[in-house]
Amino acid sequence: FLETAAYFCMKPKMGEKEVSPHSFFSIWHEFSSDFKDFWKKENKLILQERVKEAEEVCRQKKGKSLYNIRPKHDSGIVSKNCSYT
């Protein structure tokens, strides 16, 4: 524990000889809860951006038809035999 506290440059409070686990973990708890809140907010924003991008791709694909419709040409038997009008 003391090595970990030294790694994070924790210094004992006034009047204490060593860093107590309570003081270390109270700071760590605040940090981790803040980090978790920011993580959730950031993930929510990323998700919203991805949804907007997906909706835009869908709109673009709906604008373009997936197949082409060609006009009908008179080339069948009926068009050749119906010249008596």
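The chain carries the name FMN2 protein in an unreviewed UniProt entry, which gives Burhinus bistriatus as its organism.

Colleague: Explanation requested: the pattern of salt bridges in the structure shown.
Modeller: Considering all chains together, one arrives at 2 salt bridges under this definition. Linking Arg59 and Glu55 is a salt bridge whose minimum nitrogen-to-oxygen distance equals 4.0 Å. In this pair, Arg59 and Glu55 are both assigned in helix α2 (residues 21–63), 4 residues apart and thus about one turn of the helix distant. For the salt bridge of Glu56 with Arg59, the shortest nitrogen-to-oxygen distance reads 3.1 Å. Here Arg59 and Glu56 lie together in helix α2, a separation of 3 residues that amounts to about one turn. Accessibility expressed as a relative area gives 37% for Glu56, which makes it partly exposed.

Colleague: So what exactly am I meant to see when it comes to unusual backbone geometry here?
Modeller: As a rule of thumb, non-glycine residues mostly have phi less than zero, and peptide bonds are mostly trans rather than cis. For Cys9, which is not glycine, the phi dihedral falls at a positive 60°. Structurally, the position occupied by Cys9 is in the loop between α1 (2–7) and α2.

Colleague: Honestly, a nonpolar patch on the surface in this entry has me stumped. Any pointers?
Modeller: Taken together, the side chains of Phe1, Leu2, Tyr7, Phe8, Phe25, Trp28, Phe31, Phe35 and Trp39 make up a nonpolar region of the molecular surface, amounting to roughly 1000 Å² of accessible area. Breaking the nonpolar patch down by element, the ones donating at least two residues are α1 and α2. Top contributing element to the nonpolar patch by residue count: α2, with 5 residues. The topology assignment puts Leu2 in helix α1.

Colleague: Explain the confidence of the model for the chain here, please?
Modeller: Any residue range with low pLDDT should be treated as having predicted coordinates unsuitable for detailed reading. Looking at the chain as a whole, its pLDDT mean stands at 82, while 76% of the residues score no less than 70. Per-residue pLDDT, averaged within each element of the chain, yields its smallest value for helix α3 (residues 77–81) (61) and its largest for α2 (91).

Colleague: Help me understand the packing of aromatic side chains in this model?
Modeller: Think of a pair of aromatic rings as described by two things: how far the centres are apart, and how the planes are tilted against each other in angle. Scanning the model with the defined rule gives 10 aromatic pairs in all. Taken together, the aromatic side chains of Phe1, Tyr7, Phe8, Phe24, Phe25, Trp28, Phe31, Phe35 and Trp39 make up a single cluster linked through ring pairs.

Parameters and conventions
Residues numbered from 1 in each chain as written. Predicted model: local features only at pLDDT ≥ 70, side-chain atom pairs only at ≥ 80, totals over all residues. Heavy atoms only, no water. Salt bridge = Lys/Arg side-chain N within 4 Å of Asp/Glu carboxyl O. Helix = DSSP H or I, 4+ residues; strand = E, 2+ residues; numbered from the N terminus. Buried < 20%, exposed > 50% of the residue type's maximum accessible area, 1.4 Å probe, protein only. Patch = residues over 30% accessible without salt bridge, like charges linked within 9 Å, V, L, I, M, F, W, Y side chains within 5 Å. Areas by Shrake-Rupley, 256 points an atom, 1.4 Å probe, with all protein chains shown as cover. pLDDT = per-residue confidence, 0-100. Phe/Tyr/Trp six-rings, centres within 6.5 Å; stacked < 30°, edge-to-face > 60°.

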